[in-house]
Number of protein chains: 2
Amino acid sequence: MTAGTAPANWKARFTNYIRSTGGRVTRPRLCVAEVFFSMGGHPGVEELLVEVRSRHKGIGAATVYRTMKLLCDAGLVASRQFGEGFSRYETEGPEGHHDHLICTSCGKIVEFEDEAIEELQVRVSQRYDFIMQRHRLDIFGICPTCQSEKRSRG
Amino acid sequence: MTAGTAPANWKARFTNYIRSTGGRVTRPRLCVAEVFFSMGGHPGVEELLVEVRSRHKGIGAATVYRTMKLLCDAGLVASRQFGEGFSRYETEGPEGHHDHLICTSCGKIVEFEDEAIEELQVRVSQRYDFIMQRHRLDIFGICPTCQSEKRSRG
DNA sequence: CTAAGTGCAAAAATTTTGCAAACTA
DNA sequence: TAGTTTGCAAAATTTTTGCACTTAG
């Protein structure tokens, strides 16, 4: 699963998680989650808020922050930072996560998976006696689109 | 070179860089750089400021931010974020950078290098037609110390 | 002397928190 | 109805910026 792909059963999983903690499945929470899973990509709170408010006027930023944290706790979402001064969110599959290629020119984020990183992670963790939990690999570079734009500009 | 090791010639390199841009080598700038390179590790601004002020009372946080940015521009330092809500800095060698093992229990940061990551980076970049620039790999886990503390507590 | 840098405080920007009102179950 | 959640605004954090004063060259 990539970040652009919502887990088919996110609503059931989210609902179950909320209920398991004694929480309540409210309209704002569902609205934020629906927006997040329908828009795909790696939105930040600002971006989410625009779309959320177009569907349900009056929802506050605090609710978006709180709901995204809830989704993280539920294991459906992961919070990421790409050095922009704010957080972005992405879907988090039960089978693990994806790594990123980030264009330093236009900011585009492409996901990828590569088995070698898993092996590397195990090897390094063992070397330093760490109990491995998770990793994050971001590769920064120039995407094909920005390369051709640069070429055509001269 | 690891983050705990200052480049022997940082002062010459910093001075040259500043001069090359028409800037001035001031006492506060040298003080911040000296503190950073002498303390090692991955300090944040808060941490730097304490040490900086013990050597040169009256230096402001803005100067620390500005000097660290200057050091980044000079290629001597890199800014990193480990999801704590603030930035940390580390030395940046000309030959490239190091990756990190981060203890999710005590926050300790251990650096490592592994050739496989370089190959992986090249392979993935080529697969997606990116012009590769740099990467960042963080592996999160529990460090040996925290493992034994957990064991001895029960 | 002149342009650049400093420290301070104010401003920005992001995220968290307190609380009365609204809502879920 | 009881207890949770919401939206708002205020607070907390981290980082940036404006400006009068200081300083390097």
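The rules we used
Residues numbered from 1 in each chain as written. Chains lettered and ligands numbered in written order. Predicted model: local features only at pLDDT ≥ 70, side-chain atom pairs only at ≥ 80, totals over all residues. Near = placed C-beta within 6 Å. Helix = DSSP H or I, 4+ residues; strand = E, 2+ residues; numbered from the N terminus. Nonpolar A, V, L, I, M, F, W, Y, C, P; charged D, E, K, R; others polar. Domains from an automatic or database assignment. Contact = placed C-beta atoms within 7 Å. Pairing = 2+ DSSP bridges. Least-squares fit on C-alpha atoms with pLDDT ≥ 70 in both. Buried ≥ 20, exposed ≤ 12 C-beta atoms within 10 Å, placed from the backbone. Axes fitted to C-alpha atoms, helices over the stretch in contact; angles between N-to-C directions. Expected span 1.5 Å × (residues − 1). Arc of directions from axis to C-beta. Parallel < 35°, antiparallel > 145°, perpendicular 65-115°, else oblique.

1. Some points on the protein's contact with DNA strand D
Right, so step 1: Near DNA strand D there are 23 residues, and of these Gly23, Gly60 and Thr63 of chain A together with Ala62 and Ser87 of chain B occur at the shortest range.
Right, so step 2: Counting residues per element, the ones that place at least two in the surface near DNA strand D are helix H2 (27-39) and helix H4 (61-73) of chain A together with helix H4 (61-73) of chain B.
Right, so step 3: Class assignment of the residues belonging to the surface near DNA strand D gives a composition of nine nonpolar, nine polar and five charged.

2. A closer look at the domain arrangement of chain A
Right, so step 1: We note that the domain assignment places domain 1 (10-91) and domain 2 (99-153) within chain A.
Right, so step 2: Put simply, the middle of domain 1 of chain A and the middle of domain 2 of chain A, counted by C-alpha atoms, are 25 Å apart.

3. Let's talk about the environment of Ala33 of chain A
Right, so step 1: Its location among the elements puts Ala33 of chain A in helix H2.
Right, so step 2: If we ignore the near neighbours within four places in the chain, the residues touching Ala33 of chain A are Trp10, Phe14, Thr67 and Leu71 of chain A.

4. So, the pairing of strand S4 (residues 109-112) of chain A
All names here are of chain A.
Right, so step 1: Direction of pairing for strand S3 (residues 99-103) relative to S4: antiparallel, over a ladder of four bridges. From the neighbouring strand, Asp99 faces S4, where its bridge partner is Phe112.
Right, so step 2: Between the end of S3 and the start of S4, which pair antiparallel, lie five residues, with Gly107 showing a positive phi angle near 85 degrees.

5. Comments concerning the interface of chain B and chain A
Right, so step 1: Taken together, the contacts link 31 residues of chain B with 31 residues of chain A.
Right, so step 2: Mapped onto the side of chain B that touches chain A, the elements with two or more residues apiece are strand S4 (109-112), helix H5 (115-127), strand S5 (131-142) and helix H6 (144-153) of chain B.
Right, so step 3: Classifying every residue of the side of chain B that touches chain A gives 17 nonpolar, nine polar and five charged.
Right, so step 4: Both strand S5 (residues 131-142) of chain A and S5 of chain B contribute to a ladder of eleven bridges, which runs antiparallel. Across the sheet, the residue bridging to Met132 of chain A is Gly141 of chain B, located in S5 of chain B.

6. Things to note about the environment of Arg127 of chain A
Right, so step 1: The residue Arg127 of chain A is located in helix H5 (residues 115-127) in this model.
Right, so step 2: A sequence separation of 48 residues divides Arg127 of chain A from Ser79 of chain A, and the C-alpha atoms of the two residues are 28 Å apart.

7. Some remarks on the relation of the copies chain B and chain A
Right, so step 1: Between chain B and chain A, which share one sequence, the superposing operator has a rotation angle of 180 degrees and an axial displacement of 0.0 Å; the RMSD is 0.1 Å. Here the copies are linked by what is in effect a two-fold axis. Across chain B, the smallest distance between a C-alpha and the rotation axis is recorded for Leu137 of chain B, namely 2.2 Å.
Right, so step 2: Of the interface residues in chain B, 100% have counterparts in chain A that sit at the interface too, so the contact is made through matching surfaces.

8. Observations regarding the protein's contact with DNA strand C
Right, so step 1: Taken together, 23 residues are adjacent to DNA strand C, and Ala62 of chain A together with Gly23, Pro28, Gly60 and Thr63 of chain B come closest.
Right, so step 2: At the level of secondary structure, the elements contributing two or more residues to the surface near DNA strand C comprise H4 of chain A together with helix H2 (27-39) and H4 of chain B.
Right, so step 3: A breakdown of the residues in the surface near DNA strand C according to their chemical character gives nine nonpolar, nine polar and five charged.

9. Re the pairing of S3 of chain A
Residue and element names in this part refer to chain A.
Right, so step 1: Judged by how many residues are buried, S3 sits mostly within the fold: four of five residues are covered.
Right, so step 2: The sheet contact formed by S3 and S5 spans four bridges and is parallel. Residue pairing across strands places Cys103 opposite Gly141, the latter belonging to S5.

10. Here we look at the sheet that holds S5 of chain B
Backbone-to-backbone hydrogen bonds pair the strands of a sheet. The strands run either parallel or antiparallel.
Right, so step 1: If you walk across this open sheet you meet the six strands as S4(A)-S3(A)-S5(A)-S5(B)-S3(B)-S4(B), and the pairing is mixed. The open sheet has two edge strands, S4 of chain A together with S4 of chain B, and neither has a second partner. Between one strand axis and the next, the sheet turns through 25 degrees on average, direction left out of account.
Right, so step 2: H5 of chain A contacts S3 and S5 of chain A together with strand S3 (99-103), S4 and S5 of chain B of the sheet and is inclined by roughly 130 degrees relative to S5 of chain A.
Right, so step 3: Each of S3, S4 and S5 of chain A together with S3 and S5 of chain B touches H5 of chain B; the most contacted strand, S5 of chain B, lies at about 130 degrees to it.

11. A short note on H4 of chain A
All names here are of chain A.
Right, so step 1: A rise of 1.5 Å per residue sets the reference length of H4, with its 13 residues, at 18 Å; its end C-alpha atoms lie 18 Å apart and thus fit the reference within 8%.
Right, so step 2: For H4, the complete set of buried residues consists of Val64, Thr67, Met68 and Leu71. Take H4 and look down its axis: the buried residues cluster within an arc of 100 degrees, on one side only. When the buried face of H4 is taken as reference, the exposed residues oriented beyond 90 degrees from it are Ala62 and Asp73.

12. Regarding unusual backbone geometry
Right, so step 1: Of note in this structure, Asp129 of chain A is not a glycine but carries a positive phi near 60 degrees.
Right, so step 2: Along the chain, Asp129 of chain A falls in the loop between H5 and S5.

13. Digging into the packing of H2 of chain A against H4 of chain A
All names here are of chain A.
Right, so step 1: Remark: H2 packs on H4, axes separated minimally by 9 Å, with the N-to-C direction vectors making an angle of 75 degrees. Considering the angle they form, H2 stands roughly perpendicular to H4. Here H2 contributes Pro28, Arg29, Val32 and Ala33 to the contact with H4, which in turn contributes Thr63, Val64, Thr67, Leu70 and Leu71.

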